[in-house]
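Per-entry structural report
Here is how the chains run, residue by residue.
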Amino acid sequence: APEGARRPTRPSRDMRVSPLTQLHLQAGARLSRGGEVLTYGDVPGEYRAARDGACIFDHTRRGLLSVGGADAVAFLHRLLANEVRGLRPGQGNRNLLLSPKGKVRFDVDLARLEDRLLLSTEPGLAAELRLALDTYLFAEKVELTDQTETHAPLDLCGPRARAVVAELVGGVPDGDHAHALGQF
């Protein structure tokens, strides 16, 4: 592989099984070898639901790195390819950690909270991202914590998605990559 390139993600013992797998199977889902839902058996109906209402995607196998501390925002702003400093709590974006030669090392979904930032990673990569970021820490007041075991993201898409989320968690911030944390 070229220098700085990351191998494609493959299932490993570090990757979690979705906590929703049994519910998916009980509902008649057909799963990929990696455990992701392919269909519940009515692809045209599922497409219509997504186009006209809302559909949910299970991303509970993803990893999570929490970045906190007084210097967390400035630290990530210096290292990541996209805006960090200008984000307000409730906002987020897709972001990249690049190699010194500009190759993509990690692709993350970044969420800004009041007291920390959350980096949602592809399955099995949170520990590797933590080590990569740790190499750039010197005197900064930053805490990197792997919180994968507490992370169970669900993506809701479609024209009624915002209304459904607002009903469940009491409101949704505006903008692309807005996020809402809830407990169910």
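Now for a look at the structure at hand.

Definitions and limits used
Residues numbered from 1 in each chain as written. Predicted model: local features only at pLDDT ≥ 70, side-chain atom pairs only at ≥ 80, totals over all residues. Heavy atoms only, no water. Helix = DSSP H or I, 4+ residues; strand = E, 2+ residues; numbered from the N terminus. Buried < 20%, exposed > 50% of the residue type's maximum accessible area, 1.4 Å probe, protein only. Contact = heavy atoms within 4.5 Å. Areas by Shrake-Rupley, 256 points an atom, 1.4 Å probe, with all protein chains shown as cover. Salt bridge = Lys/Arg side-chain N within 4 Å of Asp/Glu carboxyl O. Core = buried A, V, L, I, M, F, W, Y, C linked by side-chain atoms within 4.5 Å.

To continue, consider the overall build of the chain. In terms of helices and strands, the chain carries five helices and nine strands. From first element to last, N terminus to C terminus, the chain shows the α and β order α-β-β-α-β-β-α-β-β-β-α-β-β-α. Here the chain, with 184 residues, has 32% of them falling under the buried criterion. A fraction of 62% describes how many contacts in the chain between residues 6 or more apart in sequence connect residues 24 or more apart. With the model as given, the accessible surface of the chain reaches about 11,600 Å², and the carbon-plus-sulfur share is 52%.

Turning next to the pattern of salt bridges. Under the definition given, this model contains eight salt bridges. The partner of arginine 62 in a salt bridge is aspartate 109, with the nearest N and O atoms 3.6 Å apart. Of this pair, arginine 62 sits in the loop between strand E3 (55-58) and strand E4 (63-68) while aspartate 109 sits in strand E6 (residues 104-112), and the two are 47 residues apart along the sequence. Judged by its relative accessible area of 9%, arginine 62 is buried. Its salt-bridge partner being glutamate 122, residue arginine 62 comes within 3.3 Å of it at the nearest N-O pair. Of this pair, arginine 62 sits in the loop between E3 and E4 while glutamate 122 is found in the loop between strand E7 (116-121) and helix H4 (126-134), placing the two residues 60 residues apart along the sequence. Overall, glutamate 122 belongs to the partly exposed group, its relative accessible area being 26%.

This part takes up the nonpolar core. Counting residues in hydrophobic clusters, the biggest one holds 22 residues, and the most contacted among them are Val67, Leu76, Leu110, Leu119, Leu129 and Leu133. Of all the secondary-structure elements, those providing two or more residues to this core are E4, helix H3 (72-79), E6, E7 and H4. In this view, leucine 133 contacts Leu65, Phe75, Leu76, Leu79, Leu97, Leu119 and Leu144; residues no more than four positions away in its chain are not counted.

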